[in-house]
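Examining the three-dimensional arrangement
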Amino acid sequence: RLRKRRLPSYAGLERFEIMEKLGDGAFSIVYKAKDNETGKLVAIKVVRKHEIDKHGQTQHLHPSMKKKTRATERATIMKEVQVMQSGKHKNLVQLLHFSESEDHYFLAMELCQGGELFHQIVKMTYFSEDLARHVIIQVAHGIRHLHEECGVVHRDIKPENILFEPIPIIPSKKIKNMFDEDKMDEGQFQPGIGGGGIGLVKIADFGLSKVIWDQSTQTPCGTVGYTAPEVVRDQRYSKSVDMWALGCVLYTMLCGFPPFYDESIPALTQKVAKGQYTFLSPWWDPISDAAKDLITHLLCVDADRRYTVDEVLRHPWITKQQQHFEPVP
Ligand code: ADP
Ligand code: MG
């Protein structure tokens, strides 16, 4: 009861009953909520119209900027909505309902009860190769759909934006194969992820995504015929940023720490620019050469030579001894 009291209520969001906070960012808060019309549980991203005050005036900005900022803010959120609506795929978080009030935008999405991949890595220290493969295949299929079917690049692929949707617990024999035996001995073994089993993995947060390819005209976005070569090329490069990020996610899942790290931001930037990372001993010693080979092709500084999503899905580490962890009916 007490907890419920502290939850905010938003004018314009009467259809949904807010239940608990799932996460937050700079301008948004995500809640678990009940859709009173369908009775179903959803996730609601509440985005503040932060630059606009109660009287429709833009705060902290020169008057000449007011109109532009309101339009830009609106365009940004509408793009996120548009991408989520166009990207119907089982590995992409689906938008269910969009509305807005004077002060907020509301994005009702399908709920991923299993939470962030980030939290699961922290909880388990690192993933077995089988479990990492299970996750990476699904993230790759989500990216493939975005790149090839929607003409969209995500641009913010990271463990915080990859979510688990739990399903019924997988039979223990199958789970056993997915986790390291020694971890089970240490008592770190947990039956399933996010409390509900290991199931679908979904890409969330399309706030930084960008439409790069017009599906209706089959051309790069922009004026046809006047498109500069670098824009056509940019299409390719922008896809490759998601592939680099996928490599970082895979690396992190397998060892529990990211490939590039430095307390000093300039030093970190240098390392990334040069692609300076190592398969640090002893953590990487037991990990297969196939996994390292795939990571090497993703964390490739030359974007032209970096693996595309189809190359990832064809890689031996992905296809070899691929196990299916189907939901239990
Ligand atoms: P931001 O742009 O602020 O990063 P996100 O869309 O990434 O917003 O949401 C922030 C956090 O809220 C996520 O990292 C995740 O923990 C949680 N979250 C977002 N969408 C969902 C969802 N559909 N189901 C469950 N949790 C979610
Ligand atoms: Mg996010």
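All values derive from a computational prediction rather than experimental measurement.

Reading the values: rules and limits
- Residues numbered from 1 in each chain as written.
- Chains lettered and ligands numbered in written order.
- Predicted model: local features only at pLDDT ≥ 70, side-chain atom pairs only at ≥ 80, totals over all residues.
- Helix = DSSP H or I, 4+ residues; strand = E, 2+ residues; numbered from the N terminus.
- Buried ≥ 20, exposed ≤ 12 C-beta atoms within 10 Å, placed from the backbone.
- Contact = placed C-beta atoms within 7 Å.
- Pairing = 2+ DSSP bridges.
- UniProt positions renumbered as here; feature names shortened; annotations may be inferred.
- Near = placed C-beta within 6 Å.
- Nonpolar A, V, L, I, M, F, W, Y, C, P; charged D, E, K, R; others polar.
- Core = buried A, V, L, I, M, F, W, Y, C linked by C-beta atoms within 7 Å.
- Axes fitted to C-alpha atoms, helices over the stretch in contact; angles between N-to-C directions.
- Arc of directions from axis to C-beta.

1. Some remarks on the overall build of the chain
Counting secondary structure elements, the chain contains 11 helices and 12 strands. By residue count, 30% of the 329 residues in the chain fall in the buried class. Of the contacts formed within the chain by residues at least 6 apart in sequence, a portion of 66% connects residues at least 24 apart.

2. What about the pairing of strand E3 (residues 41-48)?
Of the strand pairs in this sheet, strand E2 (residues 28-35) and E3 are connected by 7 bridges, and their pairing is antiparallel. By the bridge assignment, Val30 is partnered in E3 with Lys45. Linkage of E2 to E3, two consecutive antiparallel strands, is achieved through a turn of 5 residues, within which Gly39 is found at a positive phi near 80°. In terms of strand pairing, E3 meets strand E5 (residues 104-110) through 7 bridges, oriented antiparallel. In the sheet register, Val42 faces E5, and the bridge partner there is Glu110.

3. Quick word on the UniProt feature "binding site: ATP" (unreviewed entry) in the chain
Feature annotation in UniProt places "binding site: ATP" (unreviewed entry) on Lys49, given in this structure's numbering. Among the structural elements, Lys49 can be located in the loop between E3 and helix H2 (66-86). Not counting chain neighbours up to four residues away, the residues in contact with Lys49 comprise Glu73, Asp103, His104 and Tyr105.

4. Focus on the site of ligand 1
Taken together, 19 residues form the shell around ligand 1, and within it Gly23, Gly25, Val30, Ala43 and Asp205 come nearest. Mapped by element, the contributors of at least two residues to the shell around ligand 1 are strand E1 (16-24), E2, E3 and E5. Taken together, the residues of the shell around ligand 1 break down into 9 nonpolar, 5 polar and 5 charged.

5. Focus on the nonpolar core
With 63 residues, the main nonpolar core has Ile44, Val139, Leu246, Leu250 and Leu298 as its most contacted residues. Contact partners of Val139, with chain neighbours within four places excluded, come to Asn91, Ile162, Val201, Ile203, Leu246 and Val249.

6. Some details on unusual backbone geometry
A cis amide bond links Ser281 with the next residue in sequence, Pro282, at an omega value of 5°. Residues other than glycine seldom take positive phi values, yet Arg155 does so here, at roughly 70°. In this fold, Arg155 is placed in the loop between strand E7 (152-153) and strand E8 (162-165). Judged by the 15 C-beta atoms lying within 10 Å of it, Arg155 is partly exposed. Unusually for a residue other than glycine, Asp205 sits at a positive phi of about 60°. If you trace the backbone, Asp205 turns up in the loop between strand E9 (200-203) and strand E10 (210-211). The buried category is assigned to Asp205, around which 23 C-beta atoms lie within 10 Å.

7. Quick word on the pairing of E1
Pairing of E1 with E2, which is carried by 7 bridges, proceeds in the antiparallel orientation. Looking across to E2, one finds that Ile18 is bridged to Ala33. Count of turn residues in the E1/E2 antiparallel hairpin: 3 residues.

8. A look at the sheet that holds strand E6 (residues 115-116)
Across a sheet, strands are paired by hydrogen bonds formed along the backbone, either parallel or antiparallel in direction. On the basis of which strands lie adjacent, the open sheet formed by 3 strands has the order E6-E8-E9 and antiparallel pairing. With partners counted over all chains shown, the strands left at the sheet margins are E6 and E9, one partner each. Here E8 pairs with E9 via 4 bridges, running antiparallel. Bridge pairing links Phe164 to Val201 in E9. Contacts from helix H4 (residues 129-150) reach E8 and E9, with the element oriented near 40° to E9.

9. Observations concerning the sheet that holds E3
One open sheet holds the 5 strands; their spatial order is E1-E2-E3-E5-E4, and the pairing between them is antiparallel. The sheet terminates laterally at E1 and strand E4 (95-100), the two strands that pair on one side only. Going across the sheet, the axis of each strand differs from the next one's by a mean of 25°, ignoring polarity.

10. Considerations on helix H3 (residues 117-124)
Of all the residues in H3, the buried ones are Leu117, Gln120 and Ile121. Buried residues in H3, looked at end-on, bunch into an arc of 100°, giving them a common side. Those residues of H3 that are exposed and angled more than 90 degrees off the buried face are Val122 and Lys123. Thr125 sits one or two positions beyond H3 and adopts a positive phi of about 70°.

11. Structural notes on the environment of Gly207
Among the secondary structure elements, Gly207 is positioned in the loop between E9 and E10. Taking the C-beta count within 10 Å as the criterion, Gly207 has 21 such neighbours and is therefore assigned buried. Each C-alpha atom, one on Gly207 and one on Ile77, is 7.2 Å from the other, the two residues being 130 residues apart in sequence. When residues no more than four places from it in sequence are discounted, the contact partners of Gly207 are Glu80 and Asp156.

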